[in-house]
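Chain residues, written in single-letter form:
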Amino acid sequence: MAVDKRMRAIEGDITHCTVDAIVNAANGTLLGGSGVDGAIHRAAGRELLAECMTLGGCDTGEAKATKAYRLDARHIIHTVGPIWHGGGQGEARKLASCYRRCLETAVALGDRTIAFPAISTGAYGYPAAEAAMLAVSTVDACLRSYGPETIASVSFVCFDRRTFEMYESVLSNKR
Ligand code: AR6
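In this report, we go over the structure that sits alongside the text. Source: prediction; values computed, not measured.

## Things to note about the pairing of strand 4 (residues 75-80)
Turning to step 1, where the next piece is worked out: Judged by how many residues are buried, strand 4 sits mostly within the fold: 6 of 6 residues are covered.
Turning to step 2, where the next piece is worked out: What you see with strand 4 is no split at all: His75, Ile77 and Thr79 on one side and Ile76, His78 and Val80 on the other are buried throughout.
Turning to step 3, where the next piece is worked out: As paired elements, strand 2 (residues 21-26) and strand 4 share 6 bridges and run parallel to each other. Of the residues in strand 4, the one forming a bridge with asparagine 24 is histidine 78.
Turning to step 4, where the next piece is worked out: Taken together, the 5 bridges between strand 3 (residues 63-67) and strand 4 define a ladder with antiparallel strand orientation. Among the inter-strand pairings, lysine 64 is bridged to a residue of strand 4, identified as histidine 78.

The following block contains the structure:
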């Protein structure tokens, strides 16, 4: 079956994206870290940390929004992906929940264009190919409930060529 054409893969740094909502792959404290989280905090500036300190953390599979500060976006949606423990601890269900909750949060805020990093596939060790398939199928299913006036585009921002090719193949195999 064809996947929704509003999804696309791009190769690059998510902090350079111009979209309504940039998704951050954070940890439960929401107080910053390495990888994409570190890059987003560095690029957004110290005020982001100050706002995050008021949020009281975030559960795995959930999402919380902040302002985007120096990023070229309206909001940053922070989500906490699962740590990979071999696949038997509900990792897929939790990762799918991240994508769904981020989209719901974006819609609630009126954000129509969204950029996702490959949540959980770095420090949290989720196998990249499985994560790409799950990201595309979960977002695709959500987009069936959201018309283009609600969600106009979803970009999967891939930091390296290998991840980009993985997403391209998932997106094109299903088209
Ligand atoms: N733009 C887009 N993608 C990026 C960028 C960037 N600037 N930098 C890294 N990636 P990770 P996780 C990719 O480790 O696995 C943090 O310390 C990276 O190549 O950032 O969810 C948090 O605080 C990989 O494909 O997030 C948590 O403690 C993907 O983003 C923990 O790491 C996710 O890698 C979360 O781990």
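## Details of the pattern of salt bridges
Turning to step 1, where the next piece is worked out: Enumeration according to the criterion identifies 6 salt bridges in this entry.
Turning to step 2, where the next piece is worked out: With its nearest N and O atoms 2.8 Å apart, the salt bridge here joins aspartate 111 to arginine 74. Residue aspartate 111 is found in the loop between helix 3 (91-109) and strand 5 (113-116), and its partner arginine 74 is found in the loop between strand 3 and strand 4; the two are separated by 37 residues along the sequence.
Turning to step 3, where the next piece is worked out: Relative accessible area serves as the criterion here: at 43%, arginine 74 is assigned to the partly exposed category.

## A few points about the site of the ligand
Turning to step 1, where the next piece is worked out: Of all residues adjacent to the ligand, which total 21 residues, the nearest are Asn27, Ser34, Val36, Asp37 and Ala123.
Turning to step 2, where the next piece is worked out: At 2.8 Å from an oxygen atom of the ligand is found a main-chain nitrogen or oxygen belonging to serine 120.
Turning to step 3, where the next piece is worked out: In this structure, an oxygen atom belonging to the ligand sits 2.8 Å away from a main-chain N or O atom of alanine 123.
Turning to step 4, where the next piece is worked out: Coverage of the ligand by the protein chains reaches 90% of its 690 Å² of free accessible surface.
Turning to step 5, where the next piece is worked out: Element by element, the count of residues in the shell around the ligand is highest for helix 1 (residues 35-44), at 4 residues.
Turning to step 6, where the next piece is worked out: The residue inventory of the shell around the ligand, partitioned by class, reads 10 nonpolar, 9 polar and 2 charged.

How each quantity is defined
- Residue positions are given per chain, counted from 1 along the sequence in the order it is written.
- Where totals are concerned, whole chains, interfaces and linings use all residues; where local detail is concerned, this predicted model gives features only for residues with pLDDT of at least 70, and gives and counts side-chain atom pairs only at 80 or more.
- As a rule here, side-chain values come from all non-hydrogen atoms in the structure, and water together with hydrogens is ignored.
- Buried, partly exposed and exposed residues are distinguished by accessible area as a fraction of the type maximum, computed with a 1.4 Å probe on protein chains only: under 20%, between the cut-offs, and over 50%, respectively.
- Under the DSSP-based scheme used, a helix requires at least four consecutive residues in state H or I and a strand at least two consecutive residues in state E, with every element numbered from the N terminus.
- Strand pairing requires that DSSP identify at least two bridges connecting the strands.
- Salt bridges are defined by distance alone: a side-chain nitrogen of Lys or Arg within 4 Å of a carboxyl oxygen of Asp or Glu.
- For this description, a residue counts as near a given molecule or strand if any of its non-hydrogen atoms is within 4 Å of it.
- For this analysis, a polar contact is any N or O atom pair within 3.5 Å, provided that within protein one partner can donate a hydrogen and the other can accept it, and provided that sequence-adjacent residues contribute only side-chain to side-chain pairs.
- Only the protein chains shown count as covering a residue, and every accessible area follows the Shrake-Rupley method with a 1.4 Å probe.
- Residue polarity follows a fixed list, in which Ala, Val, Leu, Ile, Met, Phe, Trp, Tyr, Cys and Pro are nonpolar, Asp, Glu, Lys and Arg are charged, and the others, Gly among them, are polar.

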